[in-house]
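Chains, contacts and geometry: an overview
Listed here are the chains, written in short residue letters.
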Amino acid sequence: MDKEEDPRNGDDHVTATKKPKLIRFITDSELRSEFSHHEAGVARINNGSFGCCPGSVLAAQRSWQLRFLQQPDHFYFSTLRPNLLRSRALIQTLINAHHIDEVSLVDNATTAAAIVLQQIGRRYAHYRNDTVVMFRCAFPAVKKSIQAYVTRAGASVVEVDLPFPVSSNSEIIAEFRKGLSRAKSDSRKVRLAIIDHITSMPSVVIPVRELVHICREEGVEQVFVDAAHAIGSVPIDVQQIGADFYVSNLYKWFFAPPSVAFLYCRKSNPSSCETHHPVVSHEYGNGLPVESSWIGTRDYTPHLVVPAILEFVNRFEGGSEGIMRRNHEEVARMGKMLAEAWGTSLGSPPEMCASMMMVGLPSKLHVSSDDDATRLRSHLRDKYGVEVPIYHRAPKNGESESEPRDEHGLITGYARISHQVYNRIEDYYKFRDAINRIILEETNLME
Amino acid sequence: MATHDNHLNGETDTNSNTHLAKKPKLSSPSSFITLSEIQSEFSHHDPAIARINNGSFGCCPASIIEAQQLLQLDYLRQPDHFYFNNLKPGILESRTFIKQLINAHHVDEVSIVDNATTAAAIVLQRVAWAFAEGHFDKGDVAIMLHYAYGAVKKSIEAYVTRAGGCVIEVQLPFPVNSTDEIVHEFRKALERGKENGRRRVRLAVIDHITSMPSVVIPIKELVGICREEGVDQVFVDAAHGIGCTDVDMQDIGADFYTSNLHKWFFCPPSVAFLYSRRSPSCLDLHHPVVSHEYGNGLAVESAWIGTRDYSSQLVVPKVLEFVKRFEGGIDGIKKRNHDNVVEMGQMLAKAWGTNLGCPPEMCASMIMVGLPASLGISSDLDTLKLRTHLRGNFGVEVPIYYRAPKDEEVGVTTGYARISYQVYNKVEDYTKFRDAINQLVCDGFTCALLSK
């Protein structure tokens, strides 16, 4: 998919990383070697949850770790900060942020959420009767963070339903507008909208640029985009997206070791100077990037390997864009293959996904609760060597025609399959066959 | 009486040999770690450096690093399986070991966090909420030591001062001659805090071993005073505690107690525990990084704060195995570290004609040694410059403290080095430092000569 036509981000995104002149691209066998530490015999089709890290980036990390252990004082005084700055600068370019001060490195999106929400909560000490808008399917940690910092301070939360299965962006936009209007009712002020760039479960790419625009039109004070899955999955241009805060994990789709994420804080947002890392060190008050660069003694090496990641990524044809494009094409292909094999359907059209896709599971599996979904996942892992998260989707309208169904009944379970560079078609065949086996031999066990 | 004295009981080691590990007794069934094994365990340390600053960043033996790498690999192989099956039991095992080490009564009282800085944020954030939600009155007091760690001071500013609390600092004398001096100042500050009963002292934040300048605080006594004087809660910042001094939760009696395991307990960076005494008011302690475990108790919350590398927290049981290879285990290590740092401190003070910052019984495995006045240390910046100079030009790593002269003081020592002693140190590390300073003095060096 040509990046200019990519509907997931809008206009041109400047490819910012210089690609070295390569003699050749990474070979299949080199690729296998990079991920040779992955457990053999497991169809690892869940890159979305915990990501992956190639051997060469791990080696770079270990080298940093050793340098710290050799002479930690020297590392602290001379090595750490300049190299954190280097990582931040590379990310700034990747995401098209205007100022490097807008880019902080934190552990993960969960930490970023705490940072943003703690700041909102402080402001709410003075404003009751205000609202925060988010998707009902927002990541559980983010929901709890809202409870801990925002609800506790007195504001109320309005949840927007995500239509699923979904067939177009306009469905999402319509639902979002409805939610916003509910949040604004009774003259309430919407202090914050939290919008996923790519939802976790069920996974769909959200038209985030449009939604941020609507938020601005409707007077929402701050917009926080939780893009945990975005970097390495979809192109990111924070100018285009226009949010106040934007976070993405580098260890999910961008080959970083656990764990590192960037939090972008738009400079023009008035509360950006009131945003602090909750773990306070002597750097308190020196700006979030500097605060985050030292939160006490710990292993900061995942934050230092961004240059090694770019080296790795540039060994692929098309670099990061090439990887994203191929992952997308493959996951769409695999999703289609599975849906056809099982007689089911996809959760969204291919253009509304990136490198993950929701594939309907046969109704005969009778996935009728979250517990069923968890049990099925464990069963697939333990008995069939397939790692894939399962989503339970309760029917909304009884047996109505609008409900997703297959030949035998309602589709209430979806698998979220991922595709990353290490995946092979055999991984998905293994999954296909496992489900077919279960239906054939074990359906009574699922009831 | 501070329990840190316990390790001084028994015979002192008068062996002035540079090799400090005891040779294994031929008749004993198992042999202790040998000197060459110790050297091997720490062979990754930069050999060109006299590393006499274990206090800042600690150390980690090679066998623990290896154990940690296996855990990391385990995760990378199949992270979902690791998350669902290995992580929680592993953290619980580490917490259980720590509970035993520190004599806590319930494993629920023990949470594992990154470091003392994080623990401070946890305890202090609760104070901020108490102010915000009206449980504390504006102007209620938090007490801390003047020598509280920089990060903790900032945390108090962020979570107490900003929330409307009033902060009182206990001015501690330094150099210090006895624990009485500290107790006296503490009582004075408490009086100021209470203001004749007009306001409540909600929290006392007390270091077990201060960082700079480093002194062992009579913590048990101070906790007792806090109880007498009606202080709501006591938080002991014992960043340097475990592996350095005696850490017994029942004996010390604080409400909250934190210590880093990566400083003196051979863990990789980074891992610390936060002990929180079981009581109704401790139910609302939360990790500031909120995950889906929010509300399940601090220990459970801290065991999952999003995807990250928890291997340093999981490797704790292996460290106990390492420590047992030394005669007397961790207690033996503490005692020998103490005896050696005192001996080295005295050697340096004698060589330079200076003084120690406190008597030996008020230190554990670190000691403050006065630096010659001719070096002209006259600011905090000077100490940084001198430290950098010692690192870059002499291969000595040691933090320096500036002790400003008080009114009408003349001819006092203004610079102190905080020397540490850990199992990998040798006498040569300290003679190298001694000679470096002597060289500087001889050359007529002063800090004023160093450019910014």
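A few points on the structure. Quick caveat, the model's predicted, so the values are computed rather than measured.

Let's shift gears to the nonpolar core. With 205 residues, the main nonpolar core has Phe176, Ile195 and Phe262 of chain A together with Ile419 and Phe433 of chain B as its most contacted residues. Broken down by element, the residue count for this core peaks at eight residues, all from helix 14 (residues 329–352) of chain B. With sequence-adjacent residues up to four places away left out, Ile419 of chain B is seen in contact with Ile52, Val341, Met344, Gly345, Leu348, Ser365, Met366, Ile367, Val369, Val398, Tyr430 and Phe433 of chain B.

Next up on the list: the pattern of salt bridges. It is possible for side chains of opposite charge to pair when their charged atoms get near one another. Under the defined criterion, the tally for this structure stands at 56 salt bridges over all chains. Where Glu397 of chain B meets Arg387 of chain B, a salt bridge forms, and the shortest distance between an N and an O atom there is 3.1 Å. Placement of the pair is Glu397 of chain B in strand 10 (residues 396–397) and Arg387 of chain B in helix 15 (residues 380–394), with a sequence separation of ten residues. Grouping residues by exposure puts Glu397 of chain B and Arg387 of chain B together as buried. Among the charged side chains, a salt-bridge network with shared partners connects Arg24, Glu30, Glu34 and Arg315 of chain A.

Quick look at the sheet that holds strand 6 (residues 222–226) of chain A now. Residue and element names in this part refer to chain A. Spatially, 2-8-7-6-5-3-4 is the arrangement adopted by the seven strands of the open sheet, whose pairing is mixed. The open sheet is flanked by strand 2 (103–106) and strand 4 (156–160), the only strands paired with a single partner. Direction aside, neighbouring strands of the sheet carry axes that sit 20° apart on average. Pairing of strand 6 with strand 7 (residues 245–249) involves three bridges; the strand directions are parallel. Bridging from a neighbouring strand, Asp226 pairs with Val247 of strand 7. Where helix 4 (residues 72–95) meets the sheet, it contacts strand 2 and strand 8 (261–265), and its direction lies at approximately 120° from that of strand 2. Packing of helix 6 (residues 140–151) onto the sheet brings it into contact with strand 3 (130–135), strand 4, strand 5 (189–196) and strand 6, and relative to strand 3 it is tilted by some 175°.

A word on the packing of aromatic side chains. If you walk through the whole model with that rule in mind, you get 34 aromatic pairs over all chains. Between the aromatic rings of Phe255 of chain A and Phe312 of chain A, the centroid separation amounts to 5.0 Å while the plane-to-plane angle is 65°, which identifies the pairing as edge-to-face. Of the two residues, Phe255 of chain A sits in the loop between helix 10 (250–253) and strand 8 while Phe312 of chain A sits in helix 13 (residues 306–313), which places them 57 residues apart along the sequence. This pair shows no difference in class: Phe255 of chain A is buried, exactly as Phe312 of chain A is. With a centroid separation of 6.5 Å and 10° between ring planes, the pair formed by Phe266 of chain B and Phe326 of chain B is classed as stacked.

Here we take up the interface of chain B and chain A. If you look at the interface, chain B gives 58 residues, while chain A gives 57 residues. A buried area of about 5100 Å², summed over both sides, lies between chain B and chain A, and 57% of it is on carbon and sulfur atoms. Its largest share of buried area at the contact with chain A, chain B owes to Phe57, Leu76 and Trp129 of chain B, together 13% of the area lost on that side. For the interface between chain B and chain A, the tally reads seven salt bridges. Notably, a salt bridge pairs Arg162 of chain B with Glu274 of chain A, separated by 3.0 Å at the nearest N-O pair. Elements that contribute at least two residues to the side of chain B that touches chain A include exactly helix 2 (54–57), helix 3 (62–77), helix 4 (79–102), helix 5 (116–132), helix 6 (150–161) and helix 15 of chain B.

What counts as what
Residues numbered from 1 in each chain as written. Chains lettered and ligands numbered in written order. Predicted model: local features only at pLDDT ≥ 70, side-chain atom pairs only at ≥ 80, totals over all residues. Heavy atoms only, no water. Core = buried A, V, L, I, M, F, W, Y, C linked by side-chain atoms within 4.5 Å. Buried < 20%, exposed > 50% of the residue type's maximum accessible area, 1.4 Å probe, protein only. Helix = DSSP H or I, 4+ residues; strand = E, 2+ residues; numbered from the N terminus. Contact = heavy atoms within 4.5 Å. Salt bridge = Lys/Arg side-chain N within 4 Å of Asp/Glu carboxyl O. Pairing = 2+ DSSP bridges. Axes fitted to C-alpha atoms, helices over the stretch in contact; angles between N-to-C directions. Phe/Tyr/Trp six-rings, centres within 6.5 Å; stacked < 30°, edge-to-face > 60°. Buried area = accessible area lost by both parts, 1.4 Å probe.

Function cannot be read off these values alone, since they describe shape.
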